[in-house]
Amino acid sequence: MSTDKIFIKKGGVIMENLSWSVSYFWHRILCNLEARFNSIMIAAWFDRTEVVSVEGNKLFLKESSSFRRELISRKLLAVIQEAAKEEFGFDIEVVLREE
């Protein structure tokens, strides 16, 4: 898990006082998803999913299971993006990788 810092941009301005680790960023999104679904479903869907990085407005995730990648890609990417927007106030594009 990366320990890079994220500087949140709002309206094109970097808000330096809002820096989080990549893992904290992902944790906030997962907590939001747990409120929509439940912790058992979130654990089943995302227990092996890792955050690779956040670059600009892109969240890069890694999932080694082809079954889970397909599930996340088809059914959950939009929900993850919506949760991220609710948590941080701006659009996030989620990019799911195999490696």
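For the structure itself, look to the data block above.
Because the structure is a prediction, the values reported are computed rather than measured. (Residues numbered from 1 in each chain as written. Predicted model: local features only at pLDDT ≥ 70, side-chain atom pairs only at ≥ 80, totals over all residues. Heavy atoms only, no water.)

S.K.: In this structure, what is going on with the pairing of strand β5 (residues 93-97)? I would like to understand it.
M.R.: Where a strand is regular, its side chains alternate between the two sheet faces. The side-chain alternation of β5 yields one buried face, formed by Val94 and Leu96, and one unburied face, formed by Glu93, Val95 and Arg97. Inspection of the sheet shows strand β4 (residues 58-62) paired to β5 by five bridges, in the parallel sense. Considered in β5, the bridge of leucine 59 is made with valine 94. As for the winding sense of the linkage, the β-α-β connection from β4 through helix α3 (residues 66-88) to β5 is right-handed. (Buried < 20%, exposed > 50% of the residue type's maximum accessible area, 1.4 Å probe, protein only. Helix = DSSP H or I, 4+ residues; strand = E, 2+ residues; numbered from the N terminus. Pairing = 2+ DSSP bridges. Right-handed = clockwise from strand over helix to strand, strands pointing away.)

S.K.: Hey, could you run me through the sheet that holds β4 in this one?
M.R.: To summarise the sheet geometry, strands pair through backbone hydrogen bonds and adopt either a parallel or an antiparallel arrangement. The three strands lie next to each other as β3-β4-β5, forming an open sheet whose pairing is mixed. With one partner strand each, in any of the chains shown, β3 (50-55) and β5 form the two edges of the open sheet. Strand-to-strand twist across the sheet, computed as the mean angle between neighbouring axes with direction ignored, equals 20 degrees. With five bridges joining them, β3 and β4 adopt antiparallel strand pairing. Considered in β4, the bridge of glutamate 50 is made with lysine 62. Contacting β3 and β4, helix α1 (residues 22-36) runs over the sheet at an angle of about 110 degrees to β3. (Axes fitted to C-alpha atoms, helices over the stretch in contact; angles between N-to-C directions. Contact = heavy atoms within 4.5 Å.)

S.K.: Would you take a moment to explain the side chain of serine 53 for this structure?
M.R.: Topologically, serine 53 is positioned in strand β3. Only 3.0 Å separates the side chain of serine 53 from the side chain of glutamate 55, close enough to count as a polar contact. Excluding residues that lie within four positions of it along the chain, serine 53 makes contacts with Val22, Lys58, Leu59 and Phe60. (Polar contact = N/O pair within 3.5 Å; in protein donor to acceptor, adjacent residues only side chain to side chain.)

S.K.: Would you take a moment to explain the pattern of salt bridges for this structure?
M.R.: In a structure, side chains of opposite charge can pair up when their charged atoms sit close to one another. Counted under the stated rule, the structure contains seven salt bridges. Between arginine 28 and glutamate 87 there is a salt bridge; the shortest N-O distance is 2.8 Å. Residue arginine 28 is found in helix α1, and its partner glutamate 87 is found in helix α3; the two are separated by 59 residues along the sequence. Aspartate 91 serves as the salt-bridge partner of lysine 85, at 3.1 Å between the closest nitrogen and oxygen. It is possible to trace a salt-bridge network through shared partners that takes in Arg36, Glu82 and Glu86. (Salt bridge = Lys/Arg side-chain N within 4 Å of Asp/Glu carboxyl O.)

S.K.: So what exactly am I meant to see when it comes to α1 here?
M.R.: Helix length check: α1, at 15 residues, gives a terminal C-alpha distance of 22 Å against a target of 21 Å (1.5 Å per residue), a fit within 8%. If you check which residues of α1 are buried, you get Val22, Phe25, Trp26, Ile29, Leu30, Asn32 and Leu33. All buried residues of α1 lie within an arc of 155 degrees about the axis, which places them on one face of the element. (Expected span 1.5 Å × (residues − 1). Arc of directions from axis to C-beta.)

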